[in-house]
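For reference, the chains in residue letters:
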Amino acid sequence: MKRLILLLIIAIPAATFGQKKIKTLEVSDTIFASAVDRPGDVYMVTKEGQIQKFDKDGKLAVVYRHHGRPTLFDPRDGARLFAYYREKQQYDYYNPSFETVASYRIDSAFAIEPWLIAPSGEKKLWVLDNADHSLKKINPADAQVEVEVVIDATLIEDATAFTTIREYQNFVFLLNPSRGIFVFNSLGKHIKVIPAKGITSFNFLGEELYYLQGDVVHFTDLFTAESRQQKLPSTARSVILTDERMVLVNATSFDIFEFKP
């Protein structure tokens, strides 16, 4: 009897999204990355360095042109946007109209070879330092390193293989596309690796982390570790979910659907 139940569970496919498509939008350049802020506005970062901001219905609000593509872009709450430029070791804060509010260089006293940087709260930063494979939380305003942990070399292997760092719900997440998502707590202690090989991005919806693998969106609850899956209505390179919208991102276009979590 137990064997029969197991077979039935395995045979059940992932649930499928069944929402209505609102529109398809074309972008004039190849989409390098996509992001969403807390209010639900969507951002497309292009290969040539543009950042295009759209409202939830696909109306273009702002086009920002910069002399270089950001290594990481995080719109956060939509009021204070963050961008990190590795080549210059510089990070900028923008207002909703993409006017530069503040611009800073990374002090070598904090990190010798900063590889990835993510905002933490209003003024602090998480830094992955390639020089010593350390994960640091720094407070530039007070010139303090609040957390500094050297990650085990057998775990991290190569810091330059990581492409994304994010802070969310007092966790820190590092993405290595060939291995998965590495999860650390607020003290920099490694908790686990979510094995998601081949993914290029991840995001959050409420208390869940989600990522796209093939045509299936995988969800993991950050506090219970429970997981679920849902199949996309069409193919995409990445997906963005909000309380109202699902955005399927492809090479030079994206589709907006109605969505209810």
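Above this text sits the structure in question.
Residues numbered from 1 in each chain as written. Predicted model: local features only at pLDDT ≥ 70, side-chain atom pairs only at ≥ 80, totals over all residues. Heavy atoms only, no water.

Caption draft 1: Fine view of the overall build of the protein. A count of helices and strands for the protein gives two helices and 25 strands. Its C-alpha atoms give the protein a radius of gyration of 19 Å, within 12% of the compact-globule value 18 Å for 261 residues. Along the first, second and third principal axes, the C-alpha atoms of the protein reach 60 × 45 × 25 Å. For the protein, buried positions account for 49% of its 261 residues. For the protein, the proportion of contacts with a sequence separation of at least 24, taken over those separated by at least 6, is 39%. Total accessible area on the protein stands at roughly 13200 Å², and carbon and sulfur atoms take up 51% of it. When the 31 basic and 33 acidic side-chain charges of the protein are each reduced to a single mean position, those positions are 4 Å apart. (Helix = DSSP H or I, 4+ residues; strand = E, 2+ residues; numbered from the N terminus. Rg over C-alpha atoms; globule rule 2.2 N^0.38 Å. Buried < 20%, exposed > 50% of the residue type's maximum accessible area, 1.4 Å probe, protein only. Contact = heavy atoms within 4.5 Å. Areas by Shrake-Rupley, 256 points an atom, 1.4 Å probe, with all protein chains shown as cover. Lys, Arg positive; Asp, Glu negative; His and termini not counted. Charge placed at Lys NZ, Arg CZ, Asp CG, Glu CD.)

Caption draft 2: Summary view of the nonpolar core. Ranked by internal contacts, the top residues of the largest apolar core, which has 30 residues, are Leu116, Leu125, Leu128, Ile165 and Leu174. Residue assignment for this core shows that the elements contributing at least two residues are strand E8 (81-85), strand E9 (90-94), strand E11 (114-120), strand E12 (124-129), strand E13 (134-139), helix H2 (153-156), strand E16 (171-176) and strand E17 (180-184). For leucine 128, the contacting residues outside a window of four places in its chain are Glu113, Pro114, Trp115, Leu116, Ser134, Ile151, Ile156, Ala159, Phe162 and Leu174. The next biggest cluster of nonpolar side chains, apart from the first, holds 25 residues, and it includes Leu212, Val217, Phe219 and Phe257. (Core = buried A, V, L, I, M, F, W, Y, C linked by side-chain atoms within 4.5 Å.)

Caption draft 3: Spatial organisation of the pattern of salt bridges. The full count for this structure, using the stated rule, is 12 salt bridges. Of the charged contacts in the structure, one is a salt bridge between arginine 80 and glutamate 122, with a shortest N-O distance of 3.9 Å. Within this pair, whereas arginine 80 is found in the loop between strand E7 (72-74) and E8, its partner glutamate 122 is found in the loop between E11 and E12, the two being separated by 42 residues in sequence. Residues lysine 231 and aspartate 215 are paired through a salt bridge, measuring 3.8 Å at the closest nitrogen-oxygen approach. Pair noted here: lysine 231 is in strand E22 (residues 227-231) and aspartate 215 is in the loop between strand E20 (208-213) and strand E21 (216-221), with a separation of 16 residues, a long-range link. With relative accessibility at 31%, the residue aspartate 215 sits in the partly exposed group. Each of Arg76, Arg80 and Glu122 takes part in one network of salt bridges that share partners. (Salt bridge = Lys/Arg side-chain N within 4 Å of Asp/Glu carboxyl O.)

Caption draft 4: Structural view of the sheet that holds strand E25 (residues 253-258). Spatial ordering of the open sheet is given by E2-E25-E24-E23, a layout of four strands whose pairing is antiparallel. On the outer flanks of this sheet lie strand E2 (21-26) and strand E23 (238-241), each paired with one strand and no other. Between one strand axis and the next, the sheet turns by 15° as a mean value, whatever way the strands run. Bridge analysis of E2 against E25 gives five bridges, and the strand direction is antiparallel. (Pairing = 2+ DSSP bridges. Axes fitted to C-alpha atoms, helices over the stretch in contact; angles between N-to-C directions.)

Caption draft 5: Representation of the side chain of glutamate 208 in the model. Locating glutamate 208 in the fold gives a position in strand E20. In terms of polar contacts, glutamate 208 uses its side chain to reach the side chain of arginine 228, at 2.8 Å. Beyond its immediate chain neighbours, meaning those up to four positions away, glutamate 208 contacts Asn203, Phe219, Thr220, Asp221 and Arg228. (Polar contact = N/O pair within 3.5 Å; in protein donor to acceptor, adjacent residues only side chain to side chain.)

Caption draft 6: Region of the structure containing the environment of glutamine 89. Residue position: glutamine 89 is located in the loop between E8 and E9. Each C-alpha atom of the pair glutamine 89 and glutamate 113 lies 8.9 Å from the other, and the pair is 24 residues apart in sequence. Glutamine 89 has contacts with Tyr84, Tyr104, Arg105, Ile106 and Pro114, leaving out every residue within four places of it along the chain. Within the local environment of glutamine 89, its side chain forms a polar contact with the side chain of tyrosine 84, the two groups lying 3.1 Å apart. A distance of 3.3 Å separates a polar atom in the side chain of glutamine 89 from the backbone oxygen of proline 114.

Caption draft 7: Fine view of the sheet that holds strand E14 (residues 144-150). The sheet built from four strands is open, its strands ordered E11-E12-E13-E14 with antiparallel pairing. The strands lining the two open edges of the sheet, one partner per strand, are E11 and E14. When strand polarity is set aside, the average angle formed by the axes of neighbouring strands in this sheet is 20°. Of the strand pairs in this sheet, E13 and E14 are connected by six bridges, and their pairing is antiparallel. When the bridges of E14 are listed, lysine 137 appears paired with valine 147.

Caption draft 8: Molecular detail of the packing of aromatic side chains. Under the defined criterion, the tally for this structure stands at 20 aromatic pairs. Taking 6.1 Å as the distance between ring centres and 50° as the angle between the ring planes, the aromatic pair formed by phenylalanine 173 and phenylalanine 202 counts as tilted. Placement of phenylalanine 173 in strand E16 and of phenylalanine 202 in the loop between strand E18 (190-194) and strand E19 (203-205) is noted, with a sequence separation of 29 residues between them. Centroid distance tyrosine 210 to phenylalanine 219: 6.0 Å. Interplanar angle 40°. Geometry classified as tilted. In this structure, arginine 69 is placed above the aromatic ring of phenylalanine 32, and the distance from its NZ or CZ to the ring centre is 3.7 Å. For arginine 80, the ring lying beneath its charged end belongs to tyrosine 93, and the centroid distance is 3.8 Å. (Phe/Tyr/Trp six-rings, centres within 6.5 Å; stacked < 30°, edge-to-face > 60°. Lys NZ or Arg CZ within 6 Å of the ring centre and 35° of its normal.)

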